Amino acid sequence: MRLQREVPGLLRRQVRQAARRLLLAAVDSFARRGYHATTTRDIATAAGMSPAALYIHYPSKAALLAEISRTGHRATLELVERAEAAGSDPVERMRALAESFTVWHARGHTVGRIVNHELHALPEEDFAAVAELRIRIEETVLRIIADGVAQGLFHVPDQRTAARAVTSLGIDVSRWYTERSSESPEELGRRYGQLVLRMLGAPAGRTGD
């Protein structure tokens, strides 16, 4: 009886582990070859599996890309929402957001390049789901900027443009950052936090320079 109870759990763990191997292999393959040049055989081989075994877990390489994109964007949304909830001071909330956003895209630069630069390879329904997550991220940044403007702490000509500039700075880190970069993700995050606050017109004494 005990074995009967344990077997389903073991199978579930094996399925999860296999799916994780495939996701990691897809990330590596997409990053090295690009999405369109990668085949399902490339991914399966990198995961130590047969192409047929891949289809047990994912119906296509597009499904793998969608899973990677959704996971990456959900993680990004969670970190910007944590920054928004971290107190009532717009300056400190924006500093926390810019720093964590930058650190995420530096530390996870491989995934960051895929989720931000392979968007248009997603099937329409998956693209819509990811686009909604991106809108929620931008709206979170926009609310912090709006609070700062209302309190006379930020001075920008257009709040939505400013929100897009903030996220674009962080996203671009994933394009050029590597393990050989001279700054750690945390060091870069602190510098980008200062840069964002200056860009938003925060009081000179609050930027942390």
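Everything discussed here concerns the structure shown above.
The structure presented is a predicted model; accordingly, all values stated were derived computationally and were not measured.

**Looking at the overall build of the chain**
Okay, so step 1: Along the chain, the regular secondary structure elements total 9 helices and 0 strands.
Okay, so step 2: Sequence-ordered secondary structure for the chain, helices as α and strands as β, is α-α-α-α-α-α-α-α-α.
Okay, so step 3: Projecting the C-alpha coordinates of the chain onto the three principal axes gives extents of approximately 65 × 45 × 35 Å.
Okay, so step 4: Relative to its full complement of 209 residues, the chain shows a buried share of 44%.
Okay, so step 5: Considering only contacts within the chain whose residues lie at least 6 apart along the sequence, 68% involve residues at least 24 apart.
Okay, so step 6: Surface accessibility of the chain: about 11200 Å² in total, with carbon and sulfur atoms responsible for 53%.
Okay, so step 7: The distance from the centre of the 29 positive side-chain charges to the centre of the 25 negative ones in the chain is 7 Å.

**Description of the environment of Pro 203**
Okay, so step 1: Structurally, the position occupied by Pro 203 is in the segment after helix 9 (185–199).
Okay, so step 2: For Pro 203, a relative accessible area of 32% translates into the label partly exposed.
Okay, so step 3: On a C-alpha basis, the gap between Pro 203 and Gly 152 in space is 9.3 Å, while along the polypeptide they are 51 residues apart.

**Some thoughts on the side chain of Asn 116**
Okay, so step 1: Turning to its location among the elements, Asn 116 is positioned in helix 6 (residues 109–117).
Okay, so step 2: Given a relative accessible area of 12%, Asn 116 falls into the buried group.
Okay, so step 3: Of note is the side chain of Asn 116, whose polar atom sits 2.9 Å from the backbone oxygen of Gly 112.
Okay, so step 4: Not counting the four nearest positions on each side in its chain, Asn 116 is found in contact with His 73, His 105, Arg 134, Ile 171 and Ser 174.

How each quantity is defined
- Residues numbered from 1 in each chain as written.
- Predicted model: local features only at pLDDT ≥ 70, side-chain atom pairs only at ≥ 80, totals over all residues.
- Heavy atoms only, no water.
- Helix = DSSP H or I, 4+ residues; strand = E, 2+ residues; numbered from the N terminus.
- Buried < 20%, exposed > 50% of the residue type's maximum accessible area, 1.4 Å probe, protein only.
- Contact = heavy atoms within 4.5 Å.
- Areas by Shrake-Rupley, 256 points an atom, 1.4 Å probe, with all protein chains shown as cover.
- Lys, Arg positive; Asp, Glu negative; His and termini not counted.
- Charge placed at Lys NZ, Arg CZ, Asp CG, Glu CD.
- Polar contact = N/O pair within 3.5 Å; in protein donor to acceptor, adjacent residues only side chain to side chain.

Function cannot be inferred from these measures alone, as they are strictly geometric.
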